[in-house]
Structures are given as C-alpha cells and as structure tokens.
Amino acid sequence: MALTEERTPLELTTGEESVVEKPLGAFTRPSSNEGWRSWLTTVDHKKIGILYGATAMAFFAIGGLEALLIRAQLAQPNGQVLSPEIYNQMFTMHGTTMVFLVIMPMLAAFSNYLIPLMIGARDVAFPRLNAFSYWVFLFGGLFLYSSFFLGGAPDNGWFNYAPNSGVAYSPGHGIDFWTLGLQITGIASLVGAVNLIVTCLNMRAPGMTLLRMPVFVWMALVAQFLLLFAIPVITVALFLLMFDRLFGANFFNVEAGADPLLWQHLFWIFGHPEVYILILPAFGIVSEVIPAFARKPLFGYPFMVFSGIAIGFMGWGVWAHHMFASGVGPVSVAAFSLSTMFIAVPTGVKIFNWIGTLWRGKLTFTVAMLFAVGLVSQFTIGGLSGVMHSVAPHDTQQTDTYFVVAHFHYVLFGGSMFGIFSGVYYWWPKIFGHKLSEGIGKLHFWVMFAGFNLTFAPMHIVGLQGQPRRTATYPEGMGWDLMNLLSTIGSFLIALSFLIWVYNVVRSRKNPHAGADPWDGRTLEWATSSPPPVHNFDLEPTAGHLDEWWHQKYEENEDGRPVRREEFTYLSQVDEPSLSRGGRQPEGVDVSKIHLPSPSYWPIVIALGLPLVGYGLLYTYWLAALGGLLIIGGIVGLGLEPSVDPEAGHDEHDDHDPGHEPDDGQEAELVAVGAGDGAAGPDGTTAATTTDSEPT
Amino acid sequence: MSDQTLTGEAQQEHEAQTEHEAQTEHEGRAHPSDRNYVGIALILAVLTALEVVSFYVEEQLGALLVPALMIMMIVKFAIVVMWFMHLRFDSNLFTRVFVSGLVLAITVYVGALMTFRFW
Amino acid sequence: MSVSEQTAMAPTGSAPDADDHIAHDAAAPAHHTSTGLSNEKLGMWLFLGSECLLFGGLISAFLLYRSKDVEGMTGPAVGDLYDIPFTSVSSFVLLMSSLTMVLSLSAIQRADHRRARTWMLTTAMLGASFVAGQVYEFTAFVREGLGYTTNLQSSAFYTLTGFHGVHVTIGILMLVSLFVMSLRGRLSAEKTETVEIVGLYWHFVDIVWIIIFTLIYLIPA
Ligand code: HEM
Ligand SMILES: [Cu+2]
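Rules used throughout
Residue numbers restart at each chain and count upward from 1, following the sequence in its written direction. Chain letters and ligand numbers both follow the written order, the letters beginning at A and the numbers at 1. Reporting of local features is limited, given that this is a predicted model, to residues whose pLDDT is at least 70; pairs of side-chain atoms are given and counted only at 80 or more, and all residues count toward the totals for whole chains, interfaces and linings. Neither water nor hydrogens contribute to the side-chain values; these are computed over all heavy atoms in the structure. Lines fitted to C-alpha atoms define the axes here, with helix axes fitted over just the stretch in contact, and angles between the N-to-C directions of these axes take values from 0 to 180 degrees. Put simply, DSSP H or I for four residues or longer makes a helix, DSSP E for two residues or longer makes a strand, and each gets a number counted from the N terminus. Geometric relationships in this document are graded by angle, where less than 35 degrees denotes roughly parallel, more than 145 denotes roughly antiparallel, 65 to 115 denotes roughly perpendicular, and other angles denote oblique. Left-handed describes a crossing whose near helix is turned anticlockwise from the far helix by less than a right angle; the clockwise case is right-handed. In this classification, the charged set is Asp, Glu, Lys and Arg, the nonpolar set is Ala, Val, Leu, Ile, Met, Phe, Trp, Tyr, Cys and Pro, and all remaining amino acids, among them Gly, are polar. Water is not part of the atom set, so a site may look incomplete; the donors themselves are N, O and S atoms within 2.8 Å of the metal, or 3.2 Å for Na, K and Ca. Each residue is placed in one exposure class: buried if its accessible area under a 1.4 Å probe, protein chains only, is under 20% of its type's maximum, exposed if it is over 50%, and partly exposed if it falls in between. For every residue, the predictor states its confidence as a pLDDT score lying anywhere from 0 to 100. Two residues qualify as a contact provided that any one of their heavy atoms is within 4.5 Å of a heavy atom in the partner residue. What makes a residue near a molecule or strand is one non-hydrogen atom of that residue sitting within 4 Å of it. Two N or O atoms form a polar contact when they lie within 3.5 Å of each other; inside protein one atom must be a possible hydrogen donor and the other a possible acceptor, and for residues adjacent in sequence the pair counts only when both atoms belong to side chains.

Trainee: Mind showing me how you'd approach the packing of helix α5 (residues 92-117) of chain B against helix α2 (residues 39-66) of chain C here?
Mentor: Geometry of a packed helix pair, given as the angle between the helix axes and the separation of the axes. With their axes 9 Å apart at the nearest point, α5 of chain B and α2 of chain C run at an angle of 15° to one another. Between α5 of chain B and α2 of chain C, the angle falls in the class roughly parallel. Note that α5 of chain B runs across α2 of chain C; the crossing there is right-handed. Classifying every residue of the contact of α5 of chain B with α2 of chain C gives 19 nonpolar, 5 polar and 2 charged.

Below, the structure written as structure tokens:
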C-alpha cells in the first residue's frame, strides 16, 4: 500500500540514464522523513535505533509473560498451570526471547543510536544495511513466534541439546522454527556487526582517535567483534541441525554414530562469547552513566578499555565450562576450569574501576545512576557464583540445578537488564526530548530491585538443595516450597515494576522539554539538540580529548579543579533553555547542504524474503522460491540505487553538474561527517576542519 | 590501530595524486605486474602438482606425508592471500582483521577436536 | 548470508558517462574515512574473517566424523570414492581462476575495460566448470551408493563441499553482474574497487578450497 501511493506513471525510457535511477522503473524512491511510512523506509540510525528498542521492549513483555507462566506453574509443588509440553515451550521461548530478541536487540538499539553520535558521525557506515539488519531481526523474531500458531513452539531449551533436538524426540515443527528463526536473526547480527565495526573504525570525527572514544563505544565495538566471529559458529550448528531435521542428515543422529557433543561444542563456542555480547555493552552504558553522576572522569579509562578487550579474547577460551558434566575428559575439564577462573580477573578490574569512579565523587542518585549502581552490585553477585561454577567438582553439584539459573539471572538481569534500564533513563531525554519522571522511575527501580532479588536469590538455595531446572513440577516435601513461592511472588513484582516503567513512558510525553544537555554530560551526543537533527550535528565535531564535550564546557583552574567556561558552542541549533550557563548556538552553518543517504524500500523488501524462504523450507518450496526472488530482486534494486537519491532535496541548491551527482551519492555513504570536512567538495559544509584543537 | 587515523589524510592526497598509476605504488611497496601474477600462479600450479604427486608416493614419504602436505597447503594459502588478495601491499588493518578470524577459527576448532580426540 | 555479501559490495550510484574515463579524474576514489580505508573493503575483510569460523566449523565436523569408527556403518566411506586425478584437475581450475580474477582487476585498474571483461568472464567460466565438476563428483558418489543421508561422513562431506559450492556459485553471480555492468558502461574508473572486493571474495573461496583439497581429499583418514 505504501508503495502504490507514491507511484509515478511508468516512464517509457529512451534507454538511457533514467533507467539507472529507477531500476525497476515503477516506483519512485521514498523521500519523506516524516509520517509513519517513513519508518518503513528510513535509513537514519536514530530511527533504526528507536525501532530496535521498541521492538525489543515488546519482546521483553512477551518473554516476561512466559516467565510469569513458568513461575505460576512452580509456585507450588505439583503445579497444574501448564502441561509439561507447554512448560517446555515456555522456558525455551523465554530463554530464546530474552537472549536473542530482547538483550541483543536492545544493545543494538543503543549501539545504533549512540555510536554515530558519540564518535561524531552523521550516520553509520552502511545506512541501508543498517535498516536491513533491523527488518531482518524483526521478521526473524516474528517468524520464530509464528510457531505458536503453527503447531507449537520449540521445546528443547535455549541451548537445544542434541539428540533431543532431533525429529525423533521433537517431531513438531517447533525446533525447525527455532533453527530457521535464529539463522535469520543471525544474519541481522552479522550484518550489523560488520556495519558497526566499520562505523567505529572509519567514521570517527577528526581528532576522535580510538583512545578518545567513549567507553560505551569501545564495549560495543568489542561486542560487535565477538558477534562477527561467534555468529558463524552458531550458524554452522543451526545449519547442521536443520539439515538433520529437514533432509535426514546424520550430524546428531546417534544411531548412525553421531556424537552429541558436537552440538554442545559448537553451541558453547558461540555461547560463551555470546554472554559477553550480552553484558559488554551494558558495561559500556554504566561506564558512561557513573562518571556523569559522580561528576568525575571514569577512573582508569585505559584499564576499562583493555580489560574489555581482554574479556573479548578470553571469552573464546572457556566454553567447555558449560560441559563439565557432559563427559569431556579430565585434562580438558582442568584446562577450562582454570581459564574460567582467569576470566573473572578482567571482569573484576571493571568492578574496581567503577568503584574507583564512585569513590569520593559528588554522587547524584538519579534513576539512571541507581540502575548503574544496581548493575555493579548485582552483577558482582552473579560473577561470584560464576566463579563457583568454574570449580569443576563444585559445578557437577550445581549444573542443571536452579543454582545455575540464579547465576545467569544475576548476570543477565542484574547485569544486562539493569544496564539497559540505566541507559534508557539516561538517554531518554536525548532521544525523545524529555526526561522520564524521576519519581516514578525511582519507584520502578526499587520495585524491580526488590522483585529481582526476591525472585532469584532463593534460587541459589533450592539450587544447592538440588532442585533441577527445566522440570515442570516438583514433589512436596523436598523443602523447596517456600523458596519457590517467594520466587513466584518476586517475579510478579518484576512484572509490576515493568508496568510502572510503561506508565512512566506513557506519562512522560507531558514532561517539559529537557534541553540538549540535561545531565551536564561528557560525551558528544550531549552537544547536539534533543532529539538530534537528522544530520546529527550542524557543526562538524572534532575531538581533542577523551570526554570532549566536557572539555568544551569546563577548564581547569589553578588548583586543577574544573570550572565552567564562560562560553561554549553547541554543535547544532538547540532550544532556548539549553542556552543558559554559557551555551551558544552554532552560527553560519547552512544545513541544507548536508547530504544524507536517502530512504529506501529495498532493505525491508529483501528482509521480507527471508522468512518466506523459512516457511518455504517447512511447507512448500514455492514459497521459498518466492522469497528467493524477493531477496535477489531486492539486492539488485539496492545495488542499482544510489545511496543518496540524486533527485532528493535539490530544490535548494541546483548548482550541480548532473554528471557529478552519483559520485556525491557514493560519497555520502562513504563519509558520514566527512561530508562536512571540506573533502566533500562543493557539498561540504562550512564547518571548521581543525583536527586537534577544540572548535571555537 | 590509532596510527591509521593520522595516515588517513595523507594517504588520500597521495592517492589523488598518483591517480591512474596508483597501482604502481601503494604504501611504499610496488604492486605486482601481470607478469608477476602469472609467475605466482605458476608457483601455485607447481605446488599443486607436488601435492598430488606426494599423494601418490604416500608409501615412500611415510610419516613425512602429512607435514609435507600441510606445509604446501599453508604456502599456497599464504601466497594467494598475500599476493592475489594484496594483503602484502594493503593496510595492516585488513591483515589484522582477517588473521584474527583465521587464528581464532584454528584455535577454537582445534581445541574442540582435541577434547574429542585425546582427553 | 549471501545477502550480506551481495549488498555489502553492491555498487552504489551510477555513472552515466562511464565510458568517458578521463572525465572522472577529478573524482578519484579517495576515501574520506578515519583510517583512510574504504568502508566497503573493510567490510568485506571483516566478513571474510567471519567466514573463517563458518568453514572452520564445517571442516571440523567433517574431520570429526571421518575419523570416527562407526561399527556397522552403512554405505561406503567417502575416502574410498575419491577420484583424486579428477579433483586435482578441478582444484587446479579453481586455482587458476584466481589468476584470471587478479588479471581482470589489474586490467580494469589500467582502464583496459575490454581485457578486464574478458578475464572476468574467464574467471566466471572457470568457476562454473569447477561447480560442474562438483556436480559430476556428487552424482558419481551417489551412483556408488553414497547418498546425503547414507552415513555420518556422507552428510558431513556433502554439507562442507556443498557450502563451498554455493559460495562459488554466488561468486559467479557477482562476476556476471560485474560483467554486465561493465558492458553497460557502469564500471567506471572510480568503481574498480567493486571489482577488487568481488575479487577478495573470490580468492577467499579459492583458499578455502586449498584447505579442503588438502585436509579432506589428500590427507588420508
Ligand atoms: C565472572 C564471570 C563468569 C564466570 C566465571 C561464569 C561461569 C559460568 C559457568 C561455569 C557456567 C556453567 C554452569 C553450569 O551450567 O553448570 C555458567 C553458566 C551461565 N552463565 Fe556464566 N559466568 C560468568 C559470567 C557470566 C556473564 C557475564 C553472563 C551473561 C551476561 C553469564 C551467563 C551465563 C549463562 C546464561 C549460563 C547458563 C547457560 C545455561 O546453562 O543455560 N555468565 N557461567
Ligand atoms: Cu560460559
């Protein structure tokens, strides 16, 4: 529908250039940046970030509902709420959702929105691929969830061990939806990883050396590298399983002599880096939040960066700690046990750095800060139980019990989710222009904090007492009743806290405008208006320091104390209230000359092809062929379409010689802010180009 | 990696100047000519022939067979990567990215296979 | 994943007057990026680094299952069916396609478009004969009683070599697209990098085969 409305009469071409501009002849390119339709075709990293975030939060609600059902079932011994079959589907979908459809996309949301702003770029390196990643992720998630309506969801746990994943033990289509769905979202992650890595390396503003990048950017970068190398490993595993189930291959067919440990190895070679993919960006978020509210620079920035990189490396050498009880030999167990203990060291370095930042800081406990400190404390608990697992004999007692469930919820909820909420409260005013209410937010935090601990702390105890995970019921008289009931109560508290957050979001539209820099922030995203203009910055940012924006606002006096400068300049037009305390509007910038990549239909078209291929493989190959056509057609369309529509936005400055335009188009894809550094020739903005001094 | 930042600007200029002869010089080292490429391909062909031959004289080589085959494989691999894929002449960053993937793959998979095999 | 490959290197923009190469001197492909390296090329290298782990996994699965003694295994062992002379020839063909690929790049960098196109097409043809050889090999194996589902080894073998074959096929499609673009004058001087990037992919597929040829075919089980 969206497509036809903008249709122009079929142009009968004379065989020349116009064909080139409209590859399939029929549709004009979308050009508007407003209205709901623009969200389907947008290539703006900020809009894509918001889409990622909104989608992930919706999945968070769904995954949370599944958790509530699980807890309702377990509230009492011999629970009757769910049948064992449904129970299996619930914990499988809960885990899969939370990992692949909530935390990963949530961190993709932050990375997308923030990385270009923080490194002073106009967009990511490949804006259309960015849109593509989002749509692929969305359709992959919906594809996975459609299994509920098509015969039942996957039911073998989020790590889906062989041989239970075979057709013999799980005859429905559930697991097929799982393998195909995760392959689809894997494409999104891989493309996103390439895109964001190139962005971090190539799109930095002048002067933004690698060691001036904010810690969030660093942690996101490390996580993207982990994704880059981990996704292909699970892709292999998923393909093998898919071939087993759909085409009768023998990879996990024990009767034919297959070794089920092959799955475990492939899954956990991916799986352990994956847990760092889930936590590192959250670490990055609190590393931005804590300095902002301690009013101190981050303690030990280089240690923060290098411990993150170290975690990234070491995360590849510990995977078999998930397999201590699977019959790997004693030498391997000893080796992986040791390496697991060592990985706690760089993690500990981070904790000490945060504490060092808090130490003697002028602390303000905003909601963002509460969640950040919540991460530091709760993650530490989870990290410690992790070190307990690393002791192999200990682990044989704990594995597959609720103790492990307690561990990973302390790191994933107490770590990643708290970090995410910290970021949500911190950057909300930047993204939407107004703050979330602090009062309601504090209520949200405390209810969530209490609910979280009430849910998961008791699991340590029942776990050590031997309650197995992934079992639909437990008998009376095991001494587990009270703790399970407490857990269930806690889980409903968490649900309540989520509703409080939703209320906060809904109500927040009435909140007053927050201004460009409500927290007196340190990094470049606070130097532009809230929300930032499409092109992010009017003036091209340059970076002479770590915490560049702080240095533009403050200077040291004789005693080395920071004092506010008389005057400093925002990097784009901000609203009046932001101008108090020395802020100035940028002057003499003609923003109409900034070229940005134009919106495009093709990303969503290509992405749509993927689930069709998925359904096709399960039901009828015709559908797969159709999907394939969409994909190929979309790729051709995308390939032939210049990144910047030569016809867009030319009314303002017709000074081009037409032969030049395609080149400009390509440039804008290559160069984000580079477009402003004069290098873009006739289109460059007039911004200053000095590299290592602060802009005046 | 940060050193790359500084060279960026300079390199652009350099590229702009040399323009069509850009192939002859890139970061100081001469690009191979077509003749070089053919020579390299000849070496690759000879190595492949040697590989096949050693497969047939397996008996005579004995324990040497596997190391010999492995070495020839690595040499061929390296030649293609360094010359045909230009890693010898291109930015270090490309090498680092690719080699990290390669080394990582070898480490984790050899590690996994070892846990099956020996211990 | 073919999607990401295709799009990552998909040429952006168009050059209406591409046949007039001189006109583009002013628009040399300088890259205004922080590292001075082109986004597309860096993206391709990242992707290739990632592909190492894909093929590594498939190769490991094959090695694991080939070395496994399965009692009462159905069907023949893959190793007993290899036709080494035949595979050597097709390996050689693929290897030489790397030469023609690099010659094509070097031609287009000299703005010798005709020669570039010839080599491009030669590369695609060599690739196609490799794939044809693979199809022939597969049918021969199936005739010998080694189907995809016959035993552990057969599944692993066909999956690994099949994945590689699909990669070659994608490469052929990209080469043909380049060829067509060049014919229509849309591979102007400043777009030679597209050829280079497709070349990187092509050579990568070749080096994967160098490994497969040795580890899978030549080294005895
Ligand atoms: C201090 C660092 C950590 C150590 C030493 C550690 C150690 C371990 C060990 C040994 C296990 C296996 C337990 C078993 O199944 O018997 C485990 C499980 C797990 N860990 Fe950690 N861990 C650490 C940090 C993390 C982090 C940061 C995350 C995620 C953000 C995480 C997520 C998980 C998950 C999801 C599982 C369970 C997987 C499953 O069985 O479903 N861990 N951890
Ligand atoms: Cu782990």
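Trainee: Just checking my understanding: could you explain the coordination of the copper ion (ligand 2) for this structure?
Mentor: Octahedral metal centres with six donors ideally show angles of 90 or 180 degrees, and tetrahedral centres with four donors ideally show 109.5 degrees. Residue and element names in this part refer to chain A. Taken together, the protein donors to the copper ion (ligand 2) comprise H272 (ND1), H321 (NE2) and H322 (NE2), at separations of 1.9 to 2.1 Å. Along the chain, the residues donating to the copper ion (ligand 2) are arranged with the sequence spacing H-x48-H-H. Between the copper ion (ligand 2) and the iron atom of ligand 1 the interatomic distance comes to 4.5 Å. Owing to a relative accessible area of 27%, H322 belongs among the partly exposed residues under this scheme.

Trainee: Where do I start with the confidence of the model for chain A in this structure?
Mentor: Reading predicted coordinates in detail is not appropriate for stretches of low pLDDT. Residues and elements named next belong to chain A. Per-residue pLDDT for chain A has a mean of 88; in total, 89% of the residues score no lower than 70. Segment residues 1-26: pLDDT under 50, and 32 contacts once partners within four positions in sequence are set aside and those in other chains are kept. The model gives residues 650-696 a pLDDT under 50, and that stretch makes 90 contacts with residues more than four places away or in other chains.

Trainee: Even after reading the chapter, I still don't get the confidence of the model for chain C, so can you show me in this structure?
Mentor: Residues and elements named next belong to chain C. With 86% of its residues at a pLDDT of at least 70, chain C reaches an overall mean of 86. Throughout residues 1-30 the model reports pLDDT below 50, and contacts reaching past four residues in sequence, or to other chains, amount to 78 contacts. Per the prediction output, this complex has pTM 0.88; the corresponding ipTM is 0.88.

Trainee: What am I meant to see in the site of ligand 1 here?
Mentor: Residue and element names in this part refer to chain A. Around ligand 1, the structure places 23 residues, and the nearest of them are W158, D395, T399, H407 and R469. Here an oxygen atom of ligand 1 sits 2.8 Å away from a polar atom, N or O, in the side chain of W158. At 2.5 Å, a side-chain N or O of D395 approaches an oxygen atom of ligand 1. Elements with a contribution of two residues or more to the shell around ligand 1: α9 (261-294), α12 (367-390) and α14 (402-432). A per-element tally of the shell around ligand 1 places α12 first, with 6 residues.

Trainee: What is the right way to look at the side chain of S147 of chain A in this model?
Mentor: All names here are of chain A. Mapping S147 onto the fold places it in the loop between α6 (127-146) and α7 (174-202). On the basis of relative accessibility, which here comes to 0%, the residue S147 falls in the buried class. When near neighbours in sequence (up to four residues on either side) are disregarded, S147 contacts G152, A153, P154 and F177.

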